[in-house]
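# Architecture and fold: a report
Chain residues, written in single-letter form:
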Amino acid sequence: MTIDENIICEIQNWKPSQLFSYGTAGFRARANLLPPVVFRCGILAAARALSVPCVCVGLMITASHNPSEDNGVKIIEPDGSMLDEKWERIASKLINSENPREILQELCFEENVCWTTDSKSIRPAVYVGYDSRESSEPLSRLVEQAVKLMGLKYKCFGRVTTPQLHYFVKVANEDGIQANKENYFQRLSMGWDILSQYAFADNSESENVFRVVDCANGVGHEAMQDLTHFTKIDNIVCVNTGNGELNKHCGADFIQKNTVFPIISDPFHIKSIPSNALVHFCSLDGDADRLVYFIPEKTEYSSLSGSSNQRVRVLEGDRLSVLAAIVVKKFLDLLQSNLSVGVIQTAYANGASTQFLKDLGKPIQVECVSTGVKHLERAARRYDIGIFWEANGHGTILFSENAKSFLRKIIESTTGQKKNAALCLLALSSIANQATGDAICNFVLAESLLKVMGWQDLVSWESLYQDLPNCYKALHVQNKELIQTTDQERKVTAPHSLSVVMKNLSESNPSYRFLVRPSGTENIVRLYGEGPSLPTLKCLMEQIETVVLQACGTPES
Ligand SMILES: CC(=O)N[C@H]1[C@@H](OP(=O)(O)O)O[C@H](CO)[C@@H](O)[C@@H]1O
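Basis of the calculations
Residues numbered from 1 in each chain as written. Predicted model: local features only at pLDDT ≥ 70, side-chain atom pairs only at ≥ 80, totals over all residues. Heavy atoms only, no water. Helix = DSSP H or I, 4+ residues; strand = E, 2+ residues; numbered from the N terminus. Rg over C-alpha atoms; globule rule 2.2 N^0.38 Å. Areas by Shrake-Rupley, 256 points an atom, 1.4 Å probe, with all protein chains shown as cover. Lys, Arg positive; Asp, Glu negative; His and termini not counted. Charge placed at Lys NZ, Arg CZ, Asp CG, Glu CD. Phe/Tyr/Trp six-rings, centres within 6.5 Å; stacked < 30°, edge-to-face > 60°. Buried < 20%, exposed > 50% of the residue type's maximum accessible area, 1.4 Å probe, protein only. Lys NZ or Arg CZ within 6 Å of the ring centre and 35° of its normal. Pairing = 2+ DSSP bridges. Axes fitted to C-alpha atoms, helices over the stretch in contact; angles between N-to-C directions. Near = heavy atom within 4 Å. Polar contact = N/O pair within 3.5 Å; in protein donor to acceptor, adjacent residues only side chain to side chain. Nonpolar A, V, L, I, M, F, W, Y, C, P; charged D, E, K, R; others polar. Domains from an automatic or database assignment. UniProt positions renumbered as here; feature names shortened; annotations may be inferred. Disulfide = S-S within 2.5 Å.

### Section: the overall build of the protein
When helices and strands are counted, the protein shows 19 helices and 19 strands. A compact globule built from 557 residues should have a C-alpha radius of gyration of about 24 Å, and the protein, at 24 Å, falls within 12% of that. Counting only C-alpha atoms and orienting by the principal axes, one finds that the protein spans roughly 65 × 60 × 50 Å. Of the roughly 22300 Å² that the protein leaves accessible, carbon and sulfur atoms contribute 48%. Taking the 54 positively charged and 63 negatively charged side chains of the protein as two groups, their mean positions are separated by 3 Å.

### Here's the deal with the packing of aromatic side chains
Enumeration over the complete set of coordinates arrives at 16 aromatic pairs. Ring geometry for Tyr348 versus Tyr528: centroids 5.8 Å apart, planes at 70°, classification edge-to-face. Linking Tyr348 in the loop between β11 (341–346) and α12 (351–360) with Tyr528 in strand β19 (residues 525–530), this pair joins segments that are 180 residues apart in sequence. Both residues of the pair, Tyr348 and Tyr528, count as buried. The side chain of Arg319 reaches across the aromatic face of Tyr465, ending 3.9 Å from its centre.

### Re the sheet that holds strand β18 (residues 513–518)
Where strands meet in a sheet, backbone hydrogen bonds hold them as pairs that are either parallel or antiparallel. The strand order β15-β19-β18 describes an open sheet built from three strands, whose pairing is antiparallel. Among the strands making up the open sheet, the edge pair consists of β15 (470–475) and β18. The mean inter-strand angle of the sheet, taken between neighbouring strand axes irrespective of direction, is 10°. As defined by bridge partners, β15 adjoins β19 across six bridges and the pair is classed as antiparallel. Its bridge partner being in β19, Cys471 is matched across the sheet by Gly529.

### With respect to the sheet that holds strand β1 (residues 27–30)
With mixed pairing, the five strands of this open sheet are ordered in space as β1-β3-β2-β4-β5. Of all strands in the sheet, those bounded by a partner on one side alone are β1 and β5 (153–159). Going across the sheet, the axis of each strand differs from the next one's by a mean of 15°, ignoring polarity. Sheet topology note: the strand β4 (residues 125–130)/β5 ladder contains five bridges and is parallel.

### Comments concerning the site of the ligand
In the vicinity of the ligand there are 13 residues, among which Glu390, Ser519, Gly520, Thr521 and Arg526 approach most closely. Within the side chain of Asn392, a nitrogen or oxygen atom sits 2.9 Å from an oxygen atom of the ligand. Arg517 is positioned with one of its side-chain polar atoms (N or O) 2.8 Å from an oxygen atom of the ligand. Protein coverage of the free-state accessible area of the ligand, which is 440 Å², stands at 88%. Here the shell around the ligand is built from residues that sort into two nonpolar, six polar and five charged. Each of domain 3 (318–437 + 449–462) and domain 4 (470–552) accounts for three or more of the residues forming the shell around the ligand.

### Here we look at the UniProt feature "domain: Alpha-D-phosphohexomutase C-terminal" (unreviewed entry) in the protein
Residues annotated in UniProt with the feature "domain: Alpha-D-phosphohexomutase C-terminal" (unreviewed entry) correspond here to residues 513–545. Helix and strand shares over residues 513–545 are 36% and 36% respectively, and the end C-alpha atoms of the span are 14 Å apart.

### Focus: the state of the cysteines
Evaluation of the coordinates by the stated rule reveals zero disulfides. With no disulfide of its own, Cys41 has Cys156 as its nearest cysteine by sulfur position, at a separation of 15 Å. The thiol sulfur of Cys56 is not disulfide-bonded, and the nearest other cysteine sulfur, from Cys54, lies at 6.5 Å. Judged by relative accessible area, which is 0%, Cys56 ranks as buried.

Here it is, written out as structure tokens:
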């Protein structure tokens, strides 16, 4: 098949000035470097849509928790999941290519992409969304140009969260319905209402619980406003609603990594909270796919504005997994089902959470996989109910079709406690985003799970187990790629010197655990360790750090 010369010519005009690689988070860089990348990505998203029978694929413009001057782009598969790994490689090749004609021809032969722009044939669509960055909307116009050049339909949702776009794509392809914000929020609202009818220990919303949501000055604030409009959840107070800088000293990533209270650019919002209120603090990240909760050490909420380096205790992804697993098990125990339940973690999960989950016993099975949401999601889909969270707050509960039809049958054929438990589990499947981890859905999920447990404060949740003391470090080195790992990144195989030191340290300190791996998203080596004594841990980690720097080289200043 001959490829339209206009397409080749346009792609050649848009050549990035440096090399890019499609990582777990798509392409990310300073926004001014991105126009050629985004244009070529628009072509690639269209090609992906042409390579499989589908209604649409998605393309999101965001750099998530990165600073506001950055931006990024990622493609969403027709089933709402992240881009297929093979296509990640094709993406990197096409974006960097001097000779796009050759790659487009390969796509034609190997991936059945039909490059005709003949308007008579039925063409799929590319669904586009973007976050609140200044550079986002202008970049979306380049996607529009690329998609239209390819003769595909272009549907732009404007400012949406990343998980909302994943949801729209999944629903359009799988449920055949017009995906929009209304049905996204109606599902959430329906789930909350069912749980409040059948499972909440205390049904009064007039309680003294306030929910303070740090929106990271990002697009999550718009979604939170919609949420308060569509659901009956009371006492939601949004802060960092856009007056301050995106992700700067606020947001889920900042809280999790620094364990300090966020700077609040609009503190008047929390000043109105009664001094005797029980407050649930949580933070979204810039595109609202991560959520963490936290407990400030100081309890006079009205005086908190975050400029004081006030320390917080973070309830991150592991705690969300544990809370979800307890409640899922509680309902399943009433059903006496054979449904399998997997809780998927990475090696960054605190060992105390892993032990707690293992101790829950049947039907909970615990698995550890490599870092990166796609690995967790893939593993979770092997179970009837798959619970997965990365420590950083990205995760969800996935229900298989088998699980949902089993629950529907119980609802039709039984009454009483059993029927209620099945209704509640189905309600959870309607709250948890079934395409990807979603901070807005997870806020509703966490708030409802707490109410199912009858816990008004966060301390009851926190007290389930005590985290093992742990230590995290990011090291700048000359060549991070020298480090190789195996066993879900838990063992180092190269360089030899590092693998020997880590083996010896682990053998002589069996109650300590260490993790050393090159980051897949930044030019750093990540060191993580945990064990019973923090001073000993720090001392052991210093030894590892020295060997890493010797083996991988200290960066030139
Ligand atoms: C320790 C850590 O937080 N790692 C993050 C980070 O990956 P690295 O490969 O560690 O840079 O970014 C990934 C994409 O957002 C996320 O999936 C992962 O959990």
